[in-house]
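Breakdown of the fold
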Amino acid sequence: MSIKLLQPFPEAELVAALKGKKAVTVLERSEATALTGFVTQALFKGVENAHGVRHPGIPAIEGLSKMTTAIFGLGAHDLQPRHLVAAFKNMEERNVPFVYLGSQFFARNPPPQLAALQARLKAAYPETS
């Protein structure tokens, strides 16, 4: 689904499109994850409606999909097809809730000082690659 405008947010259409999906990745252009908040809020309304209509017009859904927020485009890095493939693999295999697409955090052959810093970062954030 492609959402171009956040107001008015198409909650009913979004919930209908995501109904029954196992996993959802929200692509965000910046670290201000406004779209993720809107998507989550719409899905929560759908779950609430499964127990009686509290939000008219929003389809009822039985449960929430696994959610991932994927930040892309930082540092003028364009989103590449391989980044979307990585997002799909994340949904299928790992389902990490927050990822960056197209940003390289660790150098392949770092000098000793950078290697030490990268080791500390990997220890603190083991899910980062």
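Computed from a predicted model, the values in this text were never measured in an experiment.

What follows deals with the overall build of the protein. Tallying secondary structure elements over the protein gives 4 helices and 3 strands in all. Taken from the N to the C terminus, the helices and strands of the protein come in the order α-β-α-β-α-β-α. By the compact-globule yardstick of 14 Å for 129 residues, the protein is too spread out, its C-alpha radius of gyration being 18 Å. Considered along the principal axes of its C-alpha atoms, the protein spans approximately 60 × 25 × 20 Å. The buried share of the protein, reckoned over its 129 residues, is 29%. Total accessible area on the protein is roughly 8,700 Å²; 58% of this is exposed by carbon and sulfur atoms. When the 14 basic and 10 acidic side-chain charges of the protein are each reduced to a single mean position, those positions are 6 Å apart.

This part is about the packing of aromatic side chains. Summed over the entire model, instances satisfying the criterion amount to 2 aromatic pairs. Centre to centre, the rings of phenylalanine 9 and phenylalanine 38 are 5.2 Å apart; their planes meet at 20°, and the pair counts as stacked. Taken together, the positions of phenylalanine 9 in the segment before helix H1 (11–18) and phenylalanine 38 in helix H2 (residues 34–49) put the pair 29 residues apart, joining distant regions of the chain. Both rings, one in phenylalanine 98 and one in tyrosine 100, keep their centres 5.4 Å apart while their planes meet at 90°; by these two values the pair is edge-to-face. Accessibility expressed as a relative area gives 38% for phenylalanine 98, which makes it partly exposed. Taking the relative accessible area as the measure of exposure, tyrosine 100 reaches 27% and is therefore partly exposed. Lying across the ring of phenylalanine 106, lysine 122 places its NZ or CZ 4.9 Å from the centre.

The rules we used
- Residues numbered from 1 in each chain as written.
- Predicted model: local features only at pLDDT ≥ 70, side-chain atom pairs only at ≥ 80, totals over all residues.
- Heavy atoms only, no water.
- Helix = DSSP H or I, 4+ residues; strand = E, 2+ residues; numbered from the N terminus.
- Rg over C-alpha atoms; globule rule 2.2 N^0.38 Å.
- Buried < 20%, exposed > 50% of the residue type's maximum accessible area, 1.4 Å probe, protein only.
- Areas by Shrake-Rupley, 256 points an atom, 1.4 Å probe, with all protein chains shown as cover.
- Lys, Arg positive; Asp, Glu negative; His and termini not counted.
- Charge placed at Lys NZ, Arg CZ, Asp CG, Glu CD.
- Phe/Tyr/Trp six-rings, centres within 6.5 Å; stacked < 30°, edge-to-face > 60°.
- Lys NZ or Arg CZ within 6 Å of the ring centre and 35° of its normal.

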